[in-house]
Amino acid sequence: DLSTTIGPNQFSNPLINAAGVWDETALELDELVASTAGGVTTKSATLEPRSGNQRPRYADVALGSINSMGLPNQGLKYYLNYVTTHDASKPIDLSIANPNPMDNLTALQMIQDSSFQGLTELNLSCPNVIGKPQIGYDLAALKQILQQAFKLFTKPLGIKLPPYFDLQQFDAVADILNQFPLTFINTINSVGNGLLVDPTSERTLIEPKGGFGGIGGAYVKPVALANVHAFRSRLKPTIKIIGTGGVRNGTDVFELILCGADAVSVGTTLMQAGPQLFTKLQDELIQLMVQKHYPSLATFRNQLKAA
Ligand code: DHB
């Protein structure tokens, strides 16, 4: 049994696409809905459509990926229309990300006023909008946007966080988050502003921001495990955790749940393998659970032991 719950939403299995992967158009979203994914996230939407940064803006290497997409998306109305009109055979996580924080409140009001009944994921961690900081690293701004958001929004709300690297940061962020009726956090977004270079051509792999971009894939798995585990031990139990970062196989999914994740999302590997990946990950996870005699995710979730 791979089922899991986030807020009012029941997932048949814990696997979801990470926001921004295979989810910009209705065609791609239809493919995710038709796949064996347990849930579907939509590309982080801004109020108006955006074409994003200059290409090349994404590159794969052996251990992961780098991206500086710059929030190319069809605009919130497009995704709101998709999620309120398509046949809801699985939970939908509607992601929003607005470079101007005030626009997030407008976006939340639009979702509040719609018939959408799924999860909303407020992305506070996009590293790629030129000239705009990641809100998740500015704790005063983080608290302020949550205060404003919960004044107008009563539907299930989660936030996508950037990776943190210091135990005092985990304490301070968790302190803030515990003051709000959050349904979930999603941790981690890419490790922002990494740099991958090609030693042959002596060039950066992507064009925007002098080659700096968000790092995903195997590079970031230890950071993801640490962020999931650090927040699981600090957040009140009503705040669920979507663990994201470095999943390439069923064992990686198992490890994120062992560290405390309620659900798991997949970015870089989904980009590389496409939506048929979800069946492989579930088969591998089930095989591992059978070997270990775990009948459900709850029997090993957050059960990590010391060495
Ligand atoms: C983009 C990248 C992110 O990591 C994110 O959270 C949102 C948007 C992007 O570049 O499109």
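Participant: Tell me about the packing of aromatic side chains, residues and numbers included.
Facilitator: The final tally for this structure, using the stated rule, is nine aromatic pairs. Judged by centre distance (5.5 Å) and plane angle (90°), the ring pair of Phe170 and Phe231 falls under edge-to-face. Here Phe170, found in helix H5 (residues 167–177), pairs with Phe231, found in helix H6 (residues 221–232); they are 61 residues apart in sequence, far enough to count as distant. Take Phe170 and Phe231: they sit in the same class, and that class is buried. An aromatic cluster is defined as three or more aromatic residues linked by ring pairs; in this entry it consists of Tyr137, Tyr164, Phe170 and Phe231.

Participant: So what about the sheet that holds strand E5 (residues 58–61)? Which residues, and what values?
Facilitator: Pairing is antiparallel across the open sheet formed by four strands, whose spatial order is E5-E6-E14-E11. Because the sheet does not close on itself, it has two edges, and the strands there are E5 and strand E11 (191–195). Direction aside, neighbouring strands of the sheet carry axes that sit 35° apart on average. Sheet topology note: the strand E6 (residues 64–67)/strand E14 (residues 212–216) ladder contains three bridges and is antiparallel. Counterpart to Ile66 in the pairing with E14 is Ile215.

Participant: Lay out the pairing of strand E8 (residues 119–123) in plain terms, naming residues and giving numbers.
Facilitator: Counting buried positions over the five residues of E8 gives five, a clear majority of the element. Neither face of E8 is exposed, since Leu119, Glu121 and Asn123 on one face and Thr120 and Leu122 on the opposite face are all buried. The sheet contact formed by strand E7 (residues 92–96) and E8 spans four bridges and is parallel. Bridge pairing in E8 places Ile96 opposite Leu122. Crossover handedness for the path E7 to helix H3 (residues 101–112) to E8: right-handed. Pairing of E8 with strand E9 (residues 157–160), which is carried by four bridges, proceeds in the parallel orientation. Residue Asn123 lies in a different strand from E9, and its bridge partner there is Lys160. Handedness of the crossover joining E8 and E9 through helix H4 (residues 139–152) is recorded here as right-handed.

Participant: Can you explain the pattern of salt bridges? Please cite residues and give values.
Facilitator: Applying the stated rule across the entire model yields six salt bridges. One salt bridge connects Asp171 with Arg234, and the closest N-O pair in it is separated by 2.6 Å. One end of the pair, Asp171, is in helix H5; the other, Arg234, is in the loop between H6 and strand E15 (240–244), and 63 residues separate them in sequence. The exposure class of Asp171 is partly exposed, given its relative accessible area of 36%. By relative accessible area, which is 26% here, Arg234 ends up partly exposed. Two residues, Glu255 and Lys221, come together in a salt bridge whose shortest N-O distance is 2.9 Å. Remark: Lys221 occurs in helix H6 and Glu255 occurs in helix H7 (residues 250–258); sequence separation between them is 34 residues. For Glu255, a relative accessible area of 25% puts it in the partly exposed group. What emerges from the salt-bridge pattern is a single network uniting Lys221, Asp252 and Glu255.

Participant: I'd like a description of H6, backed by residues and values.
Facilitator: When the terminal C-alpha atoms of H6 are compared, their 16 Å separation across twelve residues agrees well with the 16 Å that a helix rising 1.5 Å per residue should span. Of all twelve residues in H6, nine are buried, a share of seventy percent or more. Among all positions of H6, only Lys221, Val223, Ala224, Leu225, Asn227, Val228, Ala230, Phe231 and Arg232 are buried. Of the surrounding elements, those touching the buried residues of H6 are H5, strand E10 (184–187), E15 and H7.

Participant: Give me the lowdown on the side chain of Asp252, citing residues and values where you can.
Facilitator: Among the structural elements, Asp252 can be located in helix H7. Reaching out from Asp252, the side chain makes a polar contact with the side chain of Lys221 at a distance of 2.7 Å. Ignoring any residue separated from it by four or fewer positions in sequence, one finds Asp252 in contact with Lys221, Gly246 and Val247.

Participant: Kindly report on the pairing of strand E16 (residues 263–266), identifying the contributing residues and their values.
Facilitator: Side chains Ala263 and Ser265 project from E16 onto one buried face, and the interleaved Val264 and Val266 project onto a second face that is buried too. The sheet contact formed by E15 and E16 spans three bridges and is parallel. Counterpart to Gly243 in the pairing with E16 is Val264. Each parallel crossover has a hand, and for E15 linked through H7 to E16 it is right-handed.

Participant: Account for the site of the ligand, naming residues and giving values.
Facilitator: As a structural note, the neighbourhood of the ligand is formed by Lys43, Asn67, Met69, Gly70, Leu71, Pro72, Asn123, Cys126, Pro127, Asn128, Asn189 and Ser190. Measuring from an oxygen atom of the ligand, one finds a side-chain N or O atom of Lys43 at 2.9 Å. Contact between the ligand and Met69: an oxygen atom at 3.1 Å from a main-chain N or O atom of the residue. Protein contacts shield 92% of the accessible area of the ligand, which totals 300 Å² for the unbound molecule. Its residues assigned to classes, the shell around the ligand comprises five nonpolar, six polar and one charged.

Conventions adopted
- Residues numbered from 1 in each chain as written.
- Predicted model: local features only at pLDDT ≥ 70, side-chain atom pairs only at ≥ 80, totals over all residues.
- Heavy atoms only, no water.
- Phe/Tyr/Trp six-rings, centres within 6.5 Å; stacked < 30°, edge-to-face > 60°.
- Helix = DSSP H or I, 4+ residues; strand = E, 2+ residues; numbered from the N terminus.
- Buried < 20%, exposed > 50% of the residue type's maximum accessible area, 1.4 Å probe, protein only.
- Pairing = 2+ DSSP bridges.
- Axes fitted to C-alpha atoms, helices over the stretch in contact; angles between N-to-C directions.
- Right-handed = clockwise from strand over helix to strand, strands pointing away.
- Salt bridge = Lys/Arg side-chain N within 4 Å of Asp/Glu carboxyl O.
- Expected span 1.5 Å × (residues − 1).
- Contact = heavy atoms within 4.5 Å.
- Polar contact = N/O pair within 3.5 Å; in protein donor to acceptor, adjacent residues only side chain to side chain.
- Near = heavy atom within 4 Å.
- Areas by Shrake-Rupley, 256 points an atom, 1.4 Å probe, with all protein chains shown as cover.
- Nonpolar A, V, L, I, M, F, W, Y, C, P; charged D, E, K, R; others polar.

Everything listed here is a matter of geometry and, on its own, says nothing about what the molecule does.
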